Amino acid sequence: MTVGQQIQQSLSRSAIFFGYLGILASLMGFLSQLHWFLALASHFRIQYALGLAILGLLLLIFRRWVNAAIILVFAVINGFLLVPLFVGGSFESTHDGPILRVMAYNVNTSQGKPQEAKQVIESFDPDVLVLAEVSARWLGELKPLLEKYPYSRAVPRDDNFGIGLYSKFPLEEIAVEYLAAASVPTIMADVEWAGDKVRVIATHPLPPIGGQYSWNRNQQILELSSMVPQSGPTLVVGDLNITRWDANFAPLLKHPRLNDSSVGQGWQPTWPAGVWPLMIPIDHAFYSDELVLVNREVGPAGGSDHLPVIIDVGLKAPTVD
């Protein structure tokens, strides 16, 4: 056997090994409701799709037809799960009414950089700002910026679960809720805007680290879905510590009144910032049927391990019978 043949054989075996490892991981992700560890495997669909596609094509080159075919089938299956991010969505860039800009930004309590975060926020100039992982130190550092928002409610904490809601428009019916047994705050308020009231639910559930945290996060998501009012413009925004491929996200993802702003917007991962091969979209913004999505984008990290999510929404024109 020549050196070239030995290299080809080694590459072929490695491609088969990692290909089937990727298949196993992707299959585990389909069982996300059975165990928290299996749910962790559900979040990396684009990594599975791209990785398996590359390995499958490599095996085609090496004429390992059966293995290539099996691996490419699973690349297609994972790719199919990405379709909603690239197709569909209700995007109305020509909306000519008032626009409300909302930013959800996890600033990272311990490692974030307040001055860099301040520059990011100023560059987008949101009307409504939701800050996750804010502490008393953070609020002090950002005080000059936050003074531009005369209406606010904040619950600063040092444990990565402080949260703040800031608005240029009046806030009414402000409430702080502690969902499930997690004892982490969620802020709700009505924003008086454009002659209407927009309910904003700002939240940051626990990360799925271990069985108890995962159970609490799932319960928080379930309770969040029940907090959505039966009528009226509504936004649910924040670092939800989950992706759309985890079946435990269904209470929000399939809520009859909510629309996922990421649909049709392409690949917009938000965490962990800077680690591109592993980045996944865990920061979210949902809007109700009374609103139209004008724009959605993610901003720079600004020293955080999260990218902020920014959406522009407008009021849907009333239908004429």
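Up top is the structure.
This section reports on the structure supplied with the text. Fair warning: this is a prediction, and the values are worked out from it, not measured in the lab. (Residues numbered from 1 in each chain as written. Predicted model: local features only at pLDDT ≥ 70, side-chain atom pairs only at ≥ 80, totals over all residues. Heavy atoms only, no water.)

**What about the overall build of the chain?**
At step 1: Looking only at helices and strands, the chain features ten helices and twelve strands.
At step 2: Sequence-distant contacts in the chain: of pairs separated by 6 or more residues, those separated by 24 or more amount to 65%.
At step 3: Charged side chains of the chain number 21 positive and 28 negative; the gap between the two group centres comes to 10 Å. (Helix = DSSP H or I, 4+ residues; strand = E, 2+ residues; numbered from the N terminus. Contact = heavy atoms within 4.5 Å. Lys, Arg positive; Asp, Glu negative; His and termini not counted. Charge placed at Lys NZ, Arg CZ, Asp CG, Glu CD.)

**Thoughts on the pairing of strand E12 (residues 309–315)**
At step 1: Where burial is concerned, most of E12 is hidden: seven out of the seven residues are buried.
At step 2: Across the two faces of E12 the burial is the same, with Val309, Ile311, Val313 and Leu315 and Ile310, Asp312 and Gly314 all buried.
At step 3: When strand E1 (residues 100–106) meets E12, the two strands line up antiparallel, connected through five bridges. Residue Ala104 lies in a different strand from E12, and its bridge partner there is Val309.
At step 4: In terms of strand pairing, strand E11 (residues 291–298) meets E12 through seven bridges, oriented antiparallel. Across the sheet, the residue bridging to Leu291 is Leu315, located in E12. (Buried < 20%, exposed > 50% of the residue type's maximum accessible area, 1.4 Å probe, protein only. Pairing = 2+ DSSP bridges.)

**Here's the deal with the nonpolar core**
At step 1: The biggest cluster of nonpolar side chains holds 26 residues, and the ones touching the most others in it are Leu165, Leu235, Val237 and Ile311.
At step 2: Beyond its immediate sequence surroundings of up to four residues, Leu165 is in contact with Val128, Leu129, Val130, Tyr151, Ser152, Arg153, Leu171, Ile187, Ala189 and Val200.
At step 3: Core analysis: the second largest hydrophobic core is formed by 18 residues, Phe124, Leu129, Leu145 and Leu146 among them. (Core = buried A, V, L, I, M, F, W, Y, C linked by side-chain atoms within 4.5 Å.)

**A look at helix H6 (residues 114–124)**
At step 1: Three or more residues of H6 are buried, namely Pro114, Ala117, Lys118, Val120, Ile121 and Phe124. Projection of H6 onto a plane perpendicular to its axis shows the buried side chains occupying an angular sector of 165°, all on one side. In H6, the exposed positions angled more than 90 degrees off the buried face are occupied by Gln119 and Ser123.
At step 2: Looking at the buried side of H6, the elements it contacts are E1, strand E2 (128–132), helix H7 (136–141), helix H8 (143–146), E11 and E12. (Arc of directions from axis to C-beta.)

**A look at the sheet that holds strand E6 (residues 185–193)**
The strands that make up a sheet are held in pairs by hydrogen bonds between backbone atoms, and each pair lies either parallel or antiparallel.
At step 1: Spatially, six strands are ordered E5-E6-E7-E8-E10-E9 in an open sheet, and the strand pairing comes out mixed. Since the sheet does not close on itself, it has two edges, and those belong to strand E5 (171–178) and strand E9 (258–260), each with one partner. Neighbouring strand axes in the sheet, compared pairwise and without regard to direction, differ in orientation by 20° on average.
At step 2: Sheet analysis places E5 next to E6, joined by six bridges and oriented antiparallel. Note that in E6 the partner of Ala175 across the bridge is Met188. (Axes fitted to C-alpha atoms, helices over the stretch in contact; angles between N-to-C directions.)

**Here's the deal with the environment of Leu58**
At step 1: Secondary-structure assignment places Leu58 in helix H3 (residues 45–61).
At step 2: Assessed through its relative accessible area of 28%, Leu58 is described here as partly exposed.

**Looking at the layout of surface pockets**
At step 1: Taken as a whole, the largest pocket holds about 400 Å³ of empty space.
At step 2: Together, 22 residues line the largest pocket, and Pro207, Asn241, Trp271, Ile282 and His306 are the ones closest to its centre.
At step 3: Broken down by class, the residue content of the lining of the largest pocket amounts to twelve nonpolar, seven polar and three charged.
At step 4: Size it by volume and the second largest pocket reaches roughly 210 Å³.
At step 5: If you go around the second largest pocket, you meet 13 residues; those closest to its centre are Arg244, Trp245, Asp246, Ala247 and Leu253.
At step 6: Of the residues contributing to the lining of the second largest pocket, the split by class is seven nonpolar, two polar and four charged. (1 Å grid on protein atoms, 1.4 Å probe; cavity = no way out; pocket = protein on both sides within 12 Å on 5 of 7 lines; lining within 4 Å. Points joined across faces, edges and corners; volume = space filled by probe spheres on them. Nonpolar A, V, L, I, M, F, W, Y, C, P; charged D, E, K, R; others polar.)

**Here we look at the pattern of salt bridges**
Charged atoms that come close allow side chains of opposite charge to pair.
At step 1: By the definition in use, this model includes eleven salt bridges.
At step 2: Its salt-bridge partner being Lys113, residue Glu116 comes within 3.9 Å of it at the nearest N-O pair.
At step 3: Residue Glu116 is classed as partly exposed on the basis of its relative accessible area, which comes to 36%.
At step 4: Taking the relative accessible area as the measure of exposure, Lys113 reaches 44% and is therefore partly exposed.
At step 5: For Arg199, the salt bridge goes to Asp190, with nearest N and O atoms at 2.6 Å. (Salt bridge = Lys/Arg side-chain N within 4 Å of Asp/Glu carboxyl O.)

**Points about the packing of aromatic side chains**
At step 1: Enumeration over the complete set of coordinates arrives at four aromatic pairs.
At step 2: When the ring of Phe17 is compared with that of Phe18, the centres are 5.1 Å apart and the planes differ by 80°; the resulting orientation is edge-to-face.
At step 3: With relative accessibility at 48%, the residue Phe18 sits in the partly exposed group.
At step 4: Ring centres 5.7 Å apart and planes at 75° place the aromatic pair Phe249 and Phe286 in the edge-to-face group. Taken together, the positions of Phe249 in the loop between strand E8 (234–239) and helix H10 (250–253) and Phe286 in strand E10 (residues 283–288) put the pair 37 residues apart, joining distant regions of the chain. As far as burial versus exposure is concerned, Phe249 and Phe286 are alike and both buried.
At step 5: Between the NZ or CZ atom of Arg45 and the centre of the ring of Phe30, over which it lies, the distance is 4.3 Å. (Phe/Tyr/Trp six-rings, centres within 6.5 Å; stacked < 30°, edge-to-face > 60°. Lys NZ or Arg CZ within 6 Å of the ring centre and 35° of its normal.)

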